[in-house]
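Each chain, letter by letter, is given below.
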Amino acid sequence: MVQLQVIGLNCGTSVDGIDVAQVLITSAPDTSDVKIALLSYREHPIPPALRTRVLSLCRPGADTTLEEICDLNFELGELFAEAVLSSGIDLSQIDIIASHGQTLWHTPVVANQGAGYAAGERRMATLQMAEGAVLAQRTGLTVTNDFRVAELAQGRMGAPLAGFFEAALVRHPTKLRVSQNLGGMGNVTVIPPSNSPLAPGYMAFDTGPGNVLIDAAIRLLTNGVLQYDQDGIIGKRGEKELDQSFIDKFIDSVDYLAREPPKTTGRELFSDDMARRLVVELQARGMSDEGIIANITRITAETVVRALEQFVVPHYGKMEEIFICGGGAENPNIVGYVRQMFPNATVAKLNEATSPSPSKDATVKSTGGGIPADAKEAVMFALLGFLTVCGRSVPVASGEMSKEESIMGKVTPGRNYVEVMRKALCSEDQRGTLGRILVD
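Note that the structure is predicted; figures quoted are calculated from it, not measured.

Asker: Just checking my understanding: could you explain the overall build of the protein for this structure?
Answerer: What the protein contains, in helices and strands, is 14 helices and 15 strands. By the compact-globule yardstick of 22 Å for 440 residues, the protein fits well, its C-alpha radius of gyration being 21 Å. Over its C-alpha atoms, taken along the principal directions, the protein stretches across nearly 65 × 60 × 50 Å. Counting across all 440 residues of the protein, residues that qualify as buried make up 57%. A fraction of 70% describes how many contacts in the protein between residues 6 or more apart in sequence connect residues 24 or more apart. When the accessible surface of the protein is totalled, it reaches about 18300 Å², and 52% of it is carbon and sulfur. Looking at charge distribution, the protein has the averaged site of its 40 positive side-chain charges lying 3 Å from that of its 52 negative ones.

In structure tokens:
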């Protein structure tokens, strides 16, 4: 048995804070399963100037230099270290830090192969920053990070990563479940029931924008006074101005939304520049600020609904439960529209997911319910860090061209490196590929 305490760190595409999760992870004896217990969770703020700087770089044609990128990597490393040091966590109890860092760029597909970069050639590549050596030096702890690059090296898209986690966490014996994340981007995990011939497989892909366009429009319309539409209040006030023909035309104009999975996207496409164009076009139609936010919110909701209708239902059948997580789970305008369009499915937050107990009395116990939706990705990266130092892989999603599993993550030794690696690798109970995730 291997048991490690891990701090998981994540900052998503919304760049709205660093999630800090303290997680106890234990390998279950004689199985490939792991047990996880979330011990604490908090969010660390990102200075507005740094957030603006990151967002300005996450757009095509951004004006920058290698010097700025180099500097930003170390500045983010310092900020992530500050998030750990100010968390109140007793670092003497921690074995490793698992940091996703901040994604600056993600190119998941090859383009114009052989033409050369100047002529438009692009390789599969990804760049996450928050220097692991800075984290290790400031905290004294061993750090795992850079989890996505191994996936791209295998010829996979490297996103969304959460599919393996959700499939292992909330698979139901008899119900088809869907987990829809709405962070900066939207991504979905389709989880067939255990009694399905498709199990233990899962499908995961990006549905399109999550909060990214809504947040950018809010910043533009309020000159940065507001950063997001809290509880969907502004968008709700503008729903009487919804223009379905405009919404349909916009969605039809974005080729990505009609592309078959597997697929992934990011700020390279759904950028602040796209939000600015939407705002200008809707203003030209005479819409109020509330109407603009309502229409951009509906665009997000519609991309989710269409992705489920076009790419999930035809292949997997009727969805019985749709779980929503991420910041978009707090926007009733999005959740309500999904509920309206799928009236025969239960639509709820991911942390409300339950499964029948294997015991004879059929008591219902919590599976996803032990992890708050906001903490999910930080907990996931904590688990990935655990698997990295244990030399273990995760299951590959259905539909991927490459089926070879990879051990994700890089290791930066801290002062406790030898001790951690002895703990992680000495057990004879290790099983290569992750099985179920059991929440204490």
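Asker: Honestly, the pairing of strand E6 (residues 142–145) in this entry has me stumped. Any pointers?
Answerer: Regular strands show a simple pattern: their side chains alternate between the two faces of the sheet. Across the two faces of E6 the burial is the same, with Thr142 and Thr144 and Val143 and Asn145 all buried. As paired elements, strand E4 (residues 96–107) and E6 share four bridges and run parallel to each other. The residue bridging serine 99 from the neighbouring strand is asparagine 145, located in E6. Across three bridges, the pairing between E6 and strand E14 (residues 410–412) is antiparallel. Its bridge partner being in E14, valine 143 is matched across the sheet by threonine 412.

Asker: Help me out: how do you make sense of empty space enclosed by the protein in this one?
Answerer: A water-sized probe rolled over the atoms picks out the places where empty space is left. The final tally for this structure, using the stated rule, is three cavities of 30 Å³ or more. Computed from the structure, the largest cavity encloses a volume of approximately 220 Å³. Lining the largest cavity are 21 residues, and of these Glu151, Pro160, Tyr202, Ala397 and Glu400 lie nearest its centre. When the residues that make up the lining of the largest cavity are grouped by side-chain class, the tally is 13 nonpolar, three polar and five charged. Of the domains in this structure, domain 1 (2–159 + 376–439) and domain 2 (172–352) are the two that each give at least three residues to the lining of the largest cavity.

Asker: Is there a simple way to think about the packing of helix H11 (residues 289–316) against helix H12 (residues 332–341) in this case?
Answerer: A pair of packed helices can be characterised by two numbers: the angle between their axes and the separation between those axes. The contact between H11 and H12 brings their axes to 9 Å, and the two run at 35 degrees. Once H11 is placed against H12, the crossing between them reads as right-handed. On the side of H11, the interface is formed by Thr297, Arg298, Thr300, Ala301, Glu302, Val304, Val305 and Glu309, while H12 contributes Asn333, Ile334, Tyr337, Val338 and Met341. In terms of residue class, the contact of H11 with H12 is built from seven nonpolar, three polar and three charged.

Asker: Teacher, can you tell me more about the environment of leucine 176 here?
Answerer: Structurally, the position occupied by leucine 176 is in the loop between helix H5 (163–170) and strand E7 (177–182). For leucine 176, a relative accessible area of 5% corresponds to the buried category. Counting along the chain gives 141 residues from leucine 176 to glycine 317, while the straight-line C-alpha distance between them is 8.2 Å. If we ignore the near neighbours within four places in the chain, the residues touching leucine 176 are Val190, Ile191, Pro192, Pro193, Tyr316, Gly317, Lys318, Met319, Glu320 and Glu321.

Asker: In this structure, what is going on with the layout of surface pockets? I would like to understand it.
Answerer: Here the second largest pocket defines a volume of roughly 910 Å³. If you trace the second largest pocket, you find 32 residues lining it, with Trp105, His106, Thr107, Arg122 and Glu268 closest to the centre. Put simply, the parts of the chain that give the lining of the second largest pocket at least two residues each are E4, strand E5 (125–129) and helix H9 (255–258). In terms of residues, the lining of the second largest pocket owes the most to one element, E4, which gives four residues.

Asker: Any chance you could explain the pattern of salt bridges here in plain terms?
Answerer: Side-chain pairs of opposite charge can arise where the charged atoms are in close proximity. Using the criterion set out here, one finds 22 salt bridges in the structure. With a closest N to O distance of 3.3 Å, glutamate 68 and arginine 53 form a salt bridge. Of this pair, glutamate 68 sits in helix H2 (residues 66–85) while arginine 53 sits in helix H1 (residues 48–57), and the two are 15 residues apart along the sequence. Among the residues examined, glutamate 68 registers a relative accessible area of 21% and is labelled partly exposed. Here glutamate 151 makes a salt bridge to arginine 156, at a shortest N to O gap of 2.8 Å. The residues glutamate 151 and arginine 156 share a single accessibility class, namely buried. Each of Arg53, Glu68, Asp71 and Glu75 takes part in a single network of salt bridges with overlapping partners.

Definitions and cut-offs
- Residues numbered from 1 in each chain as written.
- Predicted model: local features only at pLDDT ≥ 70, side-chain atom pairs only at ≥ 80, totals over all residues.
- Heavy atoms only, no water.
- Helix = DSSP H or I, 4+ residues; strand = E, 2+ residues; numbered from the N terminus.
- Rg over C-alpha atoms; globule rule 2.2 N^0.38 Å.
- Buried < 20%, exposed > 50% of the residue type's maximum accessible area, 1.4 Å probe, protein only.
- Contact = heavy atoms within 4.5 Å.
- Areas by Shrake-Rupley, 256 points an atom, 1.4 Å probe, with all protein chains shown as cover.
- Lys, Arg positive; Asp, Glu negative; His and termini not counted.
- Charge placed at Lys NZ, Arg CZ, Asp CG, Glu CD.
- Pairing = 2+ DSSP bridges.
- 1 Å grid on protein atoms, 1.4 Å probe; cavity = no way out; pocket = protein on both sides within 12 Å on 5 of 7 lines; lining within 4 Å.
- Points joined across faces, edges and corners; volume = space filled by probe spheres on them.
- Nonpolar A, V, L, I, M, F, W, Y, C, P; charged D, E, K, R; others polar.
- Domains from an automatic or database assignment.
- Axes fitted to C-alpha atoms, helices over the stretch in contact; angles between N-to-C directions.
- Left-handed = near helix turned anticlockwise from the far one by under 90°.
- Salt bridge = Lys/Arg side-chain N within 4 Å of Asp/Glu carboxyl O.

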